[in-house]
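# Results of the structural survey
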Protein chains: 2
Amino acid sequence: MSRKPKKLLNNPNDVPAEQLEGLLYASGGKLIKVDGYSGVYRHDIANDQVVVVTGGGSGHEPMFAGYVGQGLADAAALGEIFASPSPDIIIETTKAMHKGKGVLFVYGNYAGDNMNFDIAAELLEEEGIQVKTVRVTDDISAAPLSKMSDRRGVAGDMYVLKIAGAAVASGYDLERVHEVTAKANFNTRTMGVALGACSIPQTGKFNFELAEDELELGMGIHGEPGVRRQKLTSADEINGEIVERLCEDIELQSGDRVCVTVNNLGASTYTELLIAYRKVHQELQGRGIQIHDVLIGNYCTSQEMAGYSITIFRLDDELQGLYDMPCDSFAWRK
Amino acid sequence: MSRKPKKLLNNPNDVPAEQLEGLLYASGGKLIKVDGYSGVYRHDIANDQVVVVTGGGSGHEPMFAGYVGQGLADAAALGEIFASPSPDIIIETTKAMHKGKGVLFVYGNYAGDNMNFDIAAELLEEEGIQVKTVRVTDDISAAPLSKMSDRRGVAGDMYVLKIAGAAVASGYDLERVHEVTAKANFNTRTMGVALGACSIPQTGKFNFELAEDELELGMGIHGEPGVRRQKLTSADEINGEIVERLCEDIELQSGDRVCVTVNNLGASTYTELLIAYRKVHQELQGRGIQIHDVLIGNYCTSQEMAGYSITIFRLDDELQGLYDMPCDSFAWRK
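Cut-off values and rules
- Residues numbered from 1 in each chain as written.
- Chains lettered and ligands numbered in written order.
- Predicted model: local features only at pLDDT ≥ 70, side-chain atom pairs only at ≥ 80, totals over all residues.
- Heavy atoms only, no water.
- 1 Å grid on protein atoms, 1.4 Å probe; cavity = no way out; pocket = protein on both sides within 12 Å on 5 of 7 lines; lining within 4 Å.
- Points joined across faces, edges and corners; volume = space filled by probe spheres on them.
- Helix = DSSP H or I, 4+ residues; strand = E, 2+ residues; numbered from the N terminus.
- Axes fitted to C-alpha atoms, helices over the stretch in contact; angles between N-to-C directions.
- Parallel < 35°, antiparallel > 145°, perpendicular 65-115°, else oblique.
- Left-handed = near helix turned anticlockwise from the far one by under 90°.
- Contact = heavy atoms within 4.5 Å.
- Nonpolar A, V, L, I, M, F, W, Y, C, P; charged D, E, K, R; others polar.
- Least-squares fit on C-alpha atoms with pLDDT ≥ 70 in both.
- Salt bridge = Lys/Arg side-chain N within 4 Å of Asp/Glu carboxyl O.
- Buried < 20%, exposed > 50% of the residue type's maximum accessible area, 1.4 Å probe, protein only.
- Phe/Tyr/Trp six-rings, centres within 6.5 Å; stacked < 30°, edge-to-face > 60°.
- Lys NZ or Arg CZ within 6 Å of the ring centre and 35° of its normal.

Vacant regions in the atomic arrangement are exposed by a probe of water-molecule size rolled over the atoms. All names here are of chain A. Empty space within the second largest pocket amounts to approximately 230 Å³. Around the second largest pocket sit 20 residues that line it, and Pro16, Gln19, Leu20, Ser58 and Leu78 are the ones nearest its centre. Looking at the lining of the second largest pocket, the elements that each hand over two or more residues are α1 (15-26) and β4 (75-81).

Below, the structure written as structure tokens:
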């Protein structure tokens, strides 16, 4: 791909701050900015609850700040585009919210995020704030199942945050919030397909190249290598393979209940998302899987990357009860 | 732009049918297909209500079928990509829903749609079904205010449908549903900006060309010419001009209440949408305008067109009461 990225921006260095400002305005007061740090928190948190803090690099909007709200995350610490928030951002965002009942960190499994959230956790513990962590590892392309803890976190973050937030709203203590959130992560699997590259505004260059007639199966949300490059083929062939891989990885059985998300990585058409879901539905139905809920849209993007990801979230009775609870944020209202 | 369109599809001729199938599956039974015709209707309509029928060309997903649901449209007649549904599709979709209280057609003002919906209305009237029509004319780029009835319908369809659906849910008769829906259209203004082209799957070619360093202000959702081509500039400059033009056209006064939508035409980043809303908010606030609600996302797309539109919907007490009623469809839950 030889073309240059083309976006309508102001100063590229101001992108994270300006888009956060847009989101804060759009929230109508429901989101509050952490004073002096690129973090946001809910305006309406209860005084005696566990607090769920998420975060990561910017550039994946509406992830992460868009998931701060009732029944989801309570706060989000935000880095520059595709770069982890620093420990001080995480610490100040957490302190702005902490209510004395402990904190659960929920974020995607990337080296930078792991390091910075771990440092923040250590320093917060020193101040007497109890912190537990769930790293989201839903991207099955990144490592085999036997090394699940090496996998990246991608769109599946949303299900893990949904369960964490619902567990908090149900009055679970930190121990139990942590436990059920870890279970939610274990029950979430995602695989993506990319047709075009993404770019970081500050560099003005595409992060990778894909030939005009190529796709990459399993590409990560920052352009991390997937499982295979190949010539463009039919949607049903690729989507069928993705479902096959997801079902096998999570060992879905006939009668299992799942939620499904088809997530636009950025520049794909709604047409492609709907045609992808058609195949997902047919394949799951053919395997006797019960589809409990479906989301199709822009939930975790990668700037202008063309492509999408498919996420399967397997429910049990506890997870379904929590999933069905209401939530209300910029990105997800239920 | 010399590149070829790149999408993950099956047979391009099957796109409208396959994407509709995906949407029907995703609705979990809430949408029902009209037997033998490319139309959909709600599963849960009351037996003695006015019926709101919308429709138009496919390719703008989630418009139109995504707005069929509680408190919005009751049915949608769907054409091929960027082509009006034929009269028989409109007639059969209407007949599948009609409950003896009359029908309101709400659709974007395009020659093909006007002709086909008018023919359908005439034939339905001959069968004793009363039909009234509101053509949405929100695109201020298409003609001056003095020729508002020549303007195209774009993303503003969503507000007009919202009010029509809420009026029906409030028990208004056809006369009053028509009246308040026409008022909603009169209070809706949209302007877009395009950075890249869209393509129809069957042709596999872009509908227009834009140079690498150019944007087009006011482009329509099928690539219709806008008001100006120019070199890329800052987001604030373009967004400021759009707000200025919208406010002037609708004659917004300090103290007026509005809803705002920043709608992705397809391939723009969420980053750009949020940065656009930031400027819209600042400009409206600076003019003393009250912002009642904000939507940012993919509401009326144009395949892979890069760019977005900004819609302002001015409220009065009646419109605000109707706007605040719940709605529940694939594209919009409130």
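Okay, the packing of helix α2 (residues 87-97) of chain B against helix α3 (residues 111-126) of chain B next. Residues and elements named next belong to chain B. Close contact between α2 and α3 brings their axes to 8 Å; oriented N to C, the two are set at 50 degrees. The angle between the axes of α2 and α3 places the two elements in the oblique class. By crossing handedness, the relation of α2 to α3 is classed as right-handed. For the pair formed by α2 and α3, the contact residues are Pro87, Ile90, Ile91, Thr94 and Lys95 on the first element and Asn116, Phe117, Ile119, Ala120, Leu123 and Leu124 on the second. Its residues placed into classes, the contact of α2 with α3 shows 8 nonpolar, 2 polar and 1 charged.

The peptide bond linking Met63(A) to Phe64(A) adopts the cis configuration, its omega dihedral lying at 5 degrees. As for its position among the elements, Phe64(A) is in the loop between β3 (51-58) and β4. That bond from Glu61(B) to Pro62(B) is cis: its omega, 10 degrees, falls within 30 degrees of zero. Of note, Pro62(B) is situated in the loop between β3 (51-58) and β4 (75-81). The phi angle at Phe82(B) is positive, at roughly 60 degrees, despite the residue not being glycine. Mapped onto the elements, Phe82(B) comes out in the loop between β4 and α2.

Before going further, it helps to examine the relation of the copies chain B and chain A. The transformation that overlays chain B on chain A combines an axial shift of 0.0 Å with a rotation of 180 degrees, and the residual RMSD is 0.0 Å. Read as a symmetry element, the transformation amounts to a two-fold axis. Among all C-alpha atoms of chain B, that of Ala267(B) lies closest to the rotation axis, at 1.9 Å. Of the residues that chain B buries at the interface, 98% are likewise interface residues in chain A, meaning the two copies contact each other through the same surface.

Attention now goes to the pattern of salt bridges. For the structure on display, the rule yields 50 salt bridges over all chains. Among the salt bridges present, the one from Glu18(B) reaches Arg278(A), with a minimum N-O distance of 3.7 Å. Taken together, the residues span two chains, with Glu18(B) in helix α1 (residues 15-26) and Arg278(A) in helix α7 (residues 270-286). Here the two residues Glu18(B) and Arg278(A) agree in accessibility, since each one is buried. The residue Lys183(B) makes a salt bridge to Glu318(B) at a minimum N-O spacing of 2.6 Å. Note that Lys183(B) is positioned in helix α5 (residues 174-186) and Glu318(B) in helix α8 (residues 317-323), a separation of 135 residues in sequence.

Residues and elements named next belong to chain A. By the definition in use, this model includes 16 aromatic pairs over all chains. On the numbers, 6.2 Å between centres and 40 degrees between planes, the contact of tyrosine 159 with tyrosine 323 is tilted. Taken together, the residues tyrosine 159 in helix α4 (residues 157-169) and tyrosine 323 in helix α8 (residues 317-323) connect sequence positions 164 residues apart. Exposure class is identical for tyrosine 159 and tyrosine 323. Each is buried. An aromatic cluster is present here, built from Tyr159, Phe313, Tyr323 and Trp332 joined pairwise through their rings. The positively charged end of arginine 189 is found above the aromatic ring belonging to phenylalanine 186, 5.5 Å away from the centroid.

Bear in mind that shape data such as this cannot, by itself, settle questions of function.
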